[in-house]
Amino acid sequence: MNQNAVIFDLDGTLLDTLDDLVNAVNYILKKYGFPERSVAAIRRFLGNGARDLVRRSVPENIEGEEFEKILADYMEYYNANSKIKTKPYPGVLELLSEFKRNGIKTAVVSNKPDLTVNGLCKEYFGDRLDFALGDRPDIKKKPSADPILLAMKELGCERAVYVGDSEIDILAAKNAGLPCVSLTWGFRDKEILEEYGATAFAGNSDELKEQIFKLLSESEV
């Protein structure tokens, strides 16, 4: 059977994690005596994992062991404070429950560290998701197709729609040969998403459901 599936990004897609990420970044910057970053700047830095986020947030001359220590401190602080203001976007829980009722498999593929991804997914989504995958040393990050293809293998599906909020997600879906729904409630403006070739958009959970069922239907033809 050609199982239908929907694969989601996490930050800016299913979970509004921005406030906790901003707090963690600026906590670490302040701890080390570096200038704090604005919400807008940190929002732009998101999408390619924790290492890239910290790399872009600290001064350019920070490298080597000093950088690794800062990154480790960031990870420790964020993991201990990642659920303070984080919350699912409106309608997400209901949408995931509907997919489950309809026999549609769901997964998360994120560039966030794997341990953090699985912890957050368990905390906020319970058994609504069938699989969650974050950044692991044995697999390339998005925009590589590899983590998406691994999720599809775990789900036992050949047909899927990918949902995300950034240019990384658009490129990853393209590399995996999947249709992509780009969300305008996440961490990128619609204009940036259009620049990277986005063609299907959703601004709320009802629009997202409509787009997903439309693309799944088209893929059956």
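This one's a predicted model, so the numbers in the text were calculated from it and none came from an experiment.

## Overview of the side chain of Asn26
Assignment of secondary structure puts Asn26 in helix H1 (residues 18–31). We classify Asn26 as buried; its relative accessible area is 10%.

## Topic: the pattern of salt bridges
For the structure on display, the rule yields 14 salt bridges. For Glu123, the salt bridge goes to Lys83, with nearest N and O atoms at 3.6 Å. Taken together, the positions of Glu123 in helix H6 (residues 114–125) and Lys83 in the loop between helix H4 (64–80) and strand E3 (87–88) put the pair 40 residues apart, joining distant regions of the chain. On the basis of relative accessible area, Lys83 is assigned to the partly exposed category, the value being 42%.

## Some thoughts on the packing of H1 against H4
Interaxial distance between H1 and H4 falls to 9 Å at its minimum, and their mutual angle equals 135°. For the element pair H1 / H4, the angle class is oblique. Between H1 and H4 lies a crossing of right-handed hand. Across the interface between the two elements, Asp20, Leu21, Asn23, Ala24, Val25, Tyr27, Ile28 and Lys31 of H1 pack against Ile70, Asp73, Tyr74, Tyr77 and Tyr78 of H4. Its residues assigned to classes, the contact of H1 with H4 shows nine nonpolar, one polar and three charged.

## Structural notes on the packing of helix H3 (residues 50–57) against H4
The N-to-C vectors of H3 and H4 enclose an angle of 120°; their axes lie 10 Å apart at closest approach. In terms of orientation, H3 lies oblique with respect to H4. In the packing of H3 onto H4, the handedness of the crossing is right-handed. Here Ala50, Arg51, Leu53, Val54 and Arg55 of H3 come into contact with H4, specifically with Phe67, Glu68, Ile70, Leu71, Tyr74 and Met75. For the contact of H3 with H4, the residue count by class is eight nonpolar, no polar and three charged.

## Description of the environment of Asp146
In this fold, Asp146 is placed in helix H7 (residues 146–155). In this structure Asp146 comes out as partly exposed when scored by relative accessible area, which is 35%.

## Side note on the sheet that holds strand E4 (residues 105–113)
As summarised here, the arrangement of the six strands in space is E5-E4-E1-E6-E7-E8, forming an open sheet in which the pairing is parallel. Every other strand in the sheet has two partners, leaving strand E5 (131–135) and strand E8 (200–202) as the edge strands with one partner each. Along the sheet, successive strands turn relative to each other by an average axial angle of 25°, direction set aside. Looking at chain direction, strand E1 (residues 3–8) and E4 are connected through four bridges and run parallel. If you follow Val6 over to E4, its bridge partner there is Thr106.

Parameters at a glance
- Here the residue numbering is sequential within each chain, running from 1 through the sequence in written order.
- Only residues with pLDDT of at least 70 get local features here, since the model is predicted, and only at 80 or more are side-chain atom pairs given and counted; chain-wide, interface and lining totals rely on the full set of residues.
- Water and hydrogen atoms were dropped before computing side-chain values, which therefore reflect all heavy atoms in the structure.
- Runs of E in the DSSP output that reach at least two residues are strands. Runs of H or I that reach at least four are helices, and both are numbered from the N terminus.
- Throughout, exposure labels follow a simple rule: accessible area from a 1.4 Å probe, protein chains only, divided by the maximum for the residue type, with under 20% read as buried, over 50% as exposed, and the rest as partly exposed.
- One side-chain nitrogen of Lys or Arg within 4 Å of one carboxyl oxygen of Asp or Glu is enough to make a salt bridge.
- Orientation is described by axes fitted as lines to C-alpha atoms, over the contacting stretch for helices, and by angles from 0 to 180 degrees between their N-to-C directions.
- Note that the term roughly parallel is reserved for angles under 35 degrees, roughly antiparallel for angles over 145, roughly perpendicular for angles of 65 to 115, and oblique for everything else.
- In this scheme the crossing of two helices becomes right-handed for a clockwise turn of the near helix relative to the far one and left-handed for an anticlockwise turn of less than a right angle.
- Two residues qualify as a contact provided that any one of their heavy atoms is within 4.5 Å of a heavy atom in the partner residue.
- Charged residues are taken to be Asp, Glu, Lys and Arg, nonpolar residues to be Ala, Val, Leu, Ile, Met, Phe, Trp, Tyr, Cys and Pro, and polar residues to be all remaining types, Gly included.
- Criterion used throughout: strands pair if DSSP finds at least two bridges between them.

By themselves these figures say nothing about function.
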